[in-house]
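Structural features, examined
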Amino acid sequence: MSTTDDDKPNGGNGTDEELHGLLAEFDTPGALIAAARKVKNAGYTEFDCYSPFPVHGIDAAMGIKATKLPWVVFLGGLSGLFLGTLMQWWMNAYDWPWNVAGKPTWSIPANVPISYETTILLSVLTTFFGMWAANKLPQVWHPFFRLDRFARVTDDGFFLGIEAGDKRFELEQTKQLLVAAGASHVEECSVDARPAARSVPRWIWAVMPIMTMLALIPIALVYKARATKSPDPHYHIFSDMDFQPKAKSDQPFAEFADGRANRAQAGGTVARGQLKADDGYYRGLGNGQWLSGLPAQVEVTPALLDRGQERYNIYCAPCHGFDGAGHGIVPERVAMLGGAWEARNLVERSSAVIKMPNGQIFNTISNGNNTMMGYASQIPVEDRWAIVLYVRALQRSQNAVESELPPGSEVR
Amino acid sequence: MATSSNEAADGHGEGGEARKVFRGITDDVAKIALSPTPKWWYPAFAVSNLMLLCLVVALYHLFTTGIGVWGNNNIQGWAWDITNFVFWIGIGHAGTLISAVLYLFRQEWRTSINRSAEAMTIFAVAAAGIFPIIHTGRPWFAWWLIPHPNDMGMWPQFRSPLMWDVFAISTYATTSILFWYMGMVPDIATLRDRAKEKWKQIGYGLLALGWRGSARQWHRYERAYLILAALSTPLVLSVHSVVSFDFATSQNPGWHTTIFPPYFVAGAIFSGFAMVATLLVPLRYLCNLKHIIKESHIEAMCKIMIATGLMVGGAYSIELFVAWYSGNAGEWFTFRNRILGEYSWAYFMMVSCNVLVPQFFWFKKCRTNPWIVVGLCILINVGMWFERFVIIATSLARQGVPGMWGYFSPTRWDLLTMIGSFGLFFTLFLLFVRFLPVIAIAEVKAVTPEAHAGKDHH
């Protein structure tokens, strides 16, 4: 093609074409700006400039009004802030109040970072999608794309296109105007006259709903699975932690000849706790009865009693109180919160504990009783016996009568 | 298709000259994506792929066996995985800084490097994103981090810095990808209009969304670009601040410091620029882009590294001073141990690479010799990796009670995972170099003197 074939429609196949508009080429950004100003001043509105990069100054020349995009983005950002904050409040303070060490469930400062990010995220999404929507993109086809020359618009070409639909459009006059404005080349652009040839092919309209339906199937399956019951176990693509490559006790296990996972003790070995055979010392029992005395290993000395006092004050006083009367700070706190929970009074004359054999007290310390938990894992056996001694000492001191006082002391 | 009518351009004096400049830029950049694959690309891609394979193998082993394949233990719970995470996230920051902050400051030299720096950001975030997810131990439940109605009736705990991380990183990744893609659309349109093969025309054509350089569209496009830059700036500052909160909001001596957010951000920019330079200095030779990515641009990056390197050095000393001045025995013990303890080698590695190495950039010779620039930048990257390792490993190595004392030694799976993350990064970067516009063509044209030519006849 050459610069003189201006009057032949370019890019068309000649049949059933209608004029879309005129495309003029310019050599410099400056020339484009000047031409844009001329075209605008001549009263055209349906025209646009095309350039490989944003030409600064063209907005004013073409009379482009500032885009409202920033305001839309501002609204997007505000809704990000609002939604992000609402989400956190609803999820963490309302629907499932998270109690972290008794702190308030709603404390703005700790929620700021996420609100900050959602504000930015929604602003960014609004900017990105808002810009393309306002620009009516994606639009993969445009009449000017039919002109070979127009491919230069993403390279080094500067173009001005006027659409035939413009009120002022008059083929020859408009062409004159463009040439006078300094165009190095002007050509006509035509499109297929049949509207059907210019719109999205029909089969795409058919494929889209079908694809949409197909895409919904997995979601529908998930919802079905949620709404129905099944005797089958879950699918485990990755096993949970309770599936472990090991044999659990009392379960079948084919690898062993007897088919059981449990093994008898191997000869010459000692199992855990097996050495603690002495019932009296380790369990407070003698001939199946609670020991009323003390096992032989426990030798009553002032040092052992002191030890018992120290251990008692650490482990027992919080509930039973330093004097054993059951007024420790834990029951006190429970009462403060309006609850009713008491630790046993260990020293009161009428208390069952007074008559309780030593072995049973030892057992209570080891294994607990009702709402009192066992302390075997925290207090070694020797210390448990020391505590028993100290409990006895407390009982004695709390219930002492005058006759028991050592000579020389007086009751005040 | 595109080159069929040059005659209109030629012989128009000034106009012809301007067009030649623009066409030259198009040619030089579009050529990289459209001409046959250069020889150097294949071995580079093969090596990167091999490294990527390491990641696949390491992750397979990790998923099927469990976290025990790493050297992590009860004491060093955040060992290499989180070190790598912070390292990669930091790398990404330079890209956003170049594309957004330097844009707001009208630093025109940024146009030559912003595209590749942004690509680097995205690939670094991709490499970073792997680590916190695999660190969870049962990564197939990582989606529990996303707030969604579920059978357990539970919601994520939004006041945990780890959730802040989830939001900050995913916002950052989304924003970076959208910003990068949006900036690339006009240039992909250039590739569309230049491509000879049908499949390339269709591929680039779909990605270009039908961009036609309309002034009305440019107007909104530029405004959107400015807004995205303005949004990315507070975002990038928040991302590494949030990452630093993971540490700073804990009670651990060595982590519990208020200086962390700015210190982390400075370090991130520092390491990111080192990575950009490591990639771009060879790239400008390999892809013949020396006239677009100019020596002065590389020098400018080196100068930024001096500045941020000094900030990082300042942060090290302030941290140390405060540990002593606070009179907090635990804090001071941690820092003494960091410098003199069993990890002192790592500490000195960090200080020499991050504080001493960038000082070479005061000399023009070091800023202009490509070998020296790349060498120093690699050292800085090593140093910045060690900074994260030092923060994590040394602070955990000596916690409150001696029962919580312990040393970390990586296993081969730690090593393979790290190598693999580099493989992922380089593979993606090489694909980018091969198939996408590595230079922001339209932006570079817009800052040439010719872009403003002939505008005087009003």
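The structure reproduced in this document is the subject of the present report. Keep in mind that this is a model prediction, so the values were computed, not measured.

**Concerning the overall build of chain B**
- On a plain count of helices and strands, chain B comes out with 15 helices and zero strands.
- Computed over C-alpha atoms, the radius of gyration of chain B comes to 24 Å, within 12% of the 23 Å expected from 2.2 N^0.38 for 458 residues, which places it in the range of a compact globule.
- Across its three principal axes, chain B shows a C-alpha extent of roughly 85 × 55 × 45 Å.
- Across the 458 residues that make up chain B, the buried fraction comes to 62%.
- Residue pairs at least 24 apart in sequence account for 81% of intrachain contacts in chain B once pairs closer than 6 positions are excluded.
- With the model as given, the accessible surface of chain B reaches about 17,700 Å², and the carbon-plus-sulfur share is 70%.
- Averaging the positions of the 34 positive and the 26 negative side-chain charges in chain B gives two centres separated by 3 Å.

**Description of empty space enclosed by the protein**
Residues and elements named next belong to chain B.
- Enumeration according to the criterion identifies three cavities of 30 Å³ or more in this entry.
- Taken together, Gly95, Thr96, Ser99, Glu118, Thr121, Ser176, Phe179, Trp180 and Ser232 make up the full set of residues lining the largest cavity.
- Elements with a minimum of two residues in the lining of the largest cavity: helix 3 (80-104), helix 4 (114-135) and helix 5 (161-194).
- Residues that form the lining of the largest cavity fall into these classes: two nonpolar, six polar and one charged.
- The volume enclosed by the second largest cavity comes to roughly 40 Å³.
- Lining the second largest cavity are Val281, Arg284, Tyr285, Glu295, Ile298, Arg367, Thr368, Asn369, Pro370 and Val373.
- Elements with a contribution of two residues or more to the lining of the second largest cavity: helix 8 (260-286), helix 9 (295-325), helix 12 (364-368) and helix 13 (370-397).
- The leading source of residues in the lining of the second largest cavity is helix 8, at three residues.

**So, the interface of chain A and chain B**
- Each partner contributes residues to the interface: chain A has 86 residues there, and chain B has 80 residues.
- Buried area between chain A and chain B, both sides added, is near 7,400 Å², and the carbon and sulfur share of it is 64%.
- Remark: the boundary between chain A and chain B carries six salt bridges.
- Ionic pairing is found between Arg194(B) and Asp155(A), a salt bridge with its closest N-O pair at 2.7 Å.
- Across the contact surface, chain A and chain B share 36 residue pairs in polar contact (both at pLDDT 80 or more).
- Tallied by class, residues from the side of chain A that touches chain B come to 50 nonpolar, 21 polar and 15 charged.

**Some words on the state of the cysteines**
- Counted by the stated rule, this structure contains zero disulfides over all chains.
- You can see Cys316(A) has no disulfide; the closest cysteine sulfur is in Cys319(A), sitting 8.8 Å from it.
- According to the relative accessible area criterion, Cys316(A) is buried, its value standing at 14%.
- Cys377(B) provides the cysteine sulfur closest to Cys287(B), a residue in no disulfide bond, and the two sulfurs are 18 Å apart.
- By relative accessible area, which is 7% here, Cys287(B) ends up buried.

**Quick notes on unusual backbone geometry**
- Of the consecutive residues Leu137(A) and Pro138(A), the connecting peptide bond is found in the cis state with omega at 0°.
- Mapped onto the fold, Pro138(A) is located in the loop between helix 4 (108-134) and strand 3 (158-163).
- Not every positive phi belongs to a glycine, and Asn370(A) is a case in point at roughly 50°.
- Tracing the chain through its elements places Asn370(A) in the loop between strand 7 (368-369) and strand 8 (372-373).
- Positive phi, close to 55°, is recorded for Asn288(B), a residue that is not glycine.
- Position of Asn288(B) among the secondary structure elements: in the loop between helix 8 and helix 9.

**Overview of the layout of surface pockets**
- Size it by volume and the largest pocket reaches roughly 1,200 Å³.
- For the largest pocket, the lining is made up of 25 residues, of which Ala225(A), His234(A), Tyr235(A), Trp143(B) and Asp151(B) are closest to its centre.
- Of the residues assigned to the lining of the largest pocket, the class counts are 13 nonpolar, six polar and six charged.

**Concerning helix 10 (residues 329-340) of chain B**
All names here are of chain B.
- Between its first and last C-alpha atoms helix 10 spans 16 Å; for 12 residues at 1.5 Å apiece the expected length is 16 Å, and the two agree.
- Those residues of helix 10 that fall on the buried side of the exposure criterion are Glu331, Thr334, Phe335, Asn337, Arg338 and Ile339.
- Turning to helix 10, the residues buried within the fold contact helix 9, helix 11 (344-356) and helix 13.
- Residue Asn328 occupies the N-cap position of helix 10, its side-chain oxygen lying 2.9 Å from the main-chain nitrogen of Gly330.

**Concerning helix 14 (residues 381-398) of chain A**
All names here are of chain A.
- With 18 residues, helix 14 extends 26 Å from end C-alpha to end C-alpha; this agrees with the ideal 26 Å at 1.5 Å per step.
- Restricting attention to buried positions, one finds in helix 14 the residues Val381, Asp383, Arg384, Trp385, Ala386, Ile387, Val388, Leu389, Tyr390, Val391, Leu394 and Gln395.
- Packed against the buried residues of helix 14 are helix 8 (279-283), helix 9 (302-315), helix 12 (352-355) and helix 13 (358-367).

**Some points on the packing of helix 8 of chain B against helix 13 of chain B**
Residue and element names in this part refer to chain B.
- Two elements in contact, helix 8 and helix 13, have axes whose closest approach is 9 Å; the angle formed by their N-to-C orientations is 150°. In terms of orientation, helix 8 and helix 13 fall into the roughly antiparallel class. Remark: the crossing between helix 8 and helix 13 carries left-handed chirality.
- Class assignment for the residues of the contact of helix 8 with helix 13 results in 19 nonpolar, four polar and two charged.

**Section: the environment of Trp80(B)**
- The residue Trp80(B) is located in helix 3 in this model.
- Apart from residues no more than four positions distant in its own chain, Trp80(B) is found in contact with Trp385(B), Phe389(B), Phe408(B), Pro410(B), Asp414(B), Leu415(B) and Met418(B).

Thresholds applied
Residues numbered from 1 in each chain as written. Chains lettered and ligands numbered in written order. Predicted model: local features only at pLDDT ≥ 70, side-chain atom pairs only at ≥ 80, totals over all residues. Heavy atoms only, no water. Helix = DSSP H or I, 4+ residues; strand = E, 2+ residues; numbered from the N terminus. Rg over C-alpha atoms; globule rule 2.2 N^0.38 Å. Buried < 20%, exposed > 50% of the residue type's maximum accessible area, 1.4 Å probe, protein only. Contact = heavy atoms within 4.5 Å. Areas by Shrake-Rupley, 256 points an atom, 1.4 Å probe, with all protein chains shown as cover. Lys, Arg positive; Asp, Glu negative; His and termini not counted. Charge placed at Lys NZ, Arg CZ, Asp CG, Glu CD. 1 Å grid on protein atoms, 1.4 Å probe; cavity = no way out; pocket = protein on both sides within 12 Å on 5 of 7 lines; lining within 4 Å. Points joined across faces, edges and corners; volume = space filled by probe spheres on them. Nonpolar A, V, L, I, M, F, W, Y, C, P; charged D, E, K, R; others polar. Buried area = accessible area lost by both parts, 1.4 Å probe. Salt bridge = Lys/Arg side-chain N within 4 Å of Asp/Glu carboxyl O. Polar contact = N/O pair within 3.5 Å; in protein donor to acceptor, adjacent residues only side chain to side chain. Disulfide = S-S within 2.5 Å. Expected span 1.5 Å × (residues − 1). Axes fitted to C-alpha atoms, helices over the stretch in contact; angles between N-to-C directions. Parallel < 35°, antiparallel > 145°, perpendicular 65-115°, else oblique. Left-handed = near helix turned anticlockwise from the far one by under 90°.

Everything listed is a geometric property; what it means functionally is a separate question.
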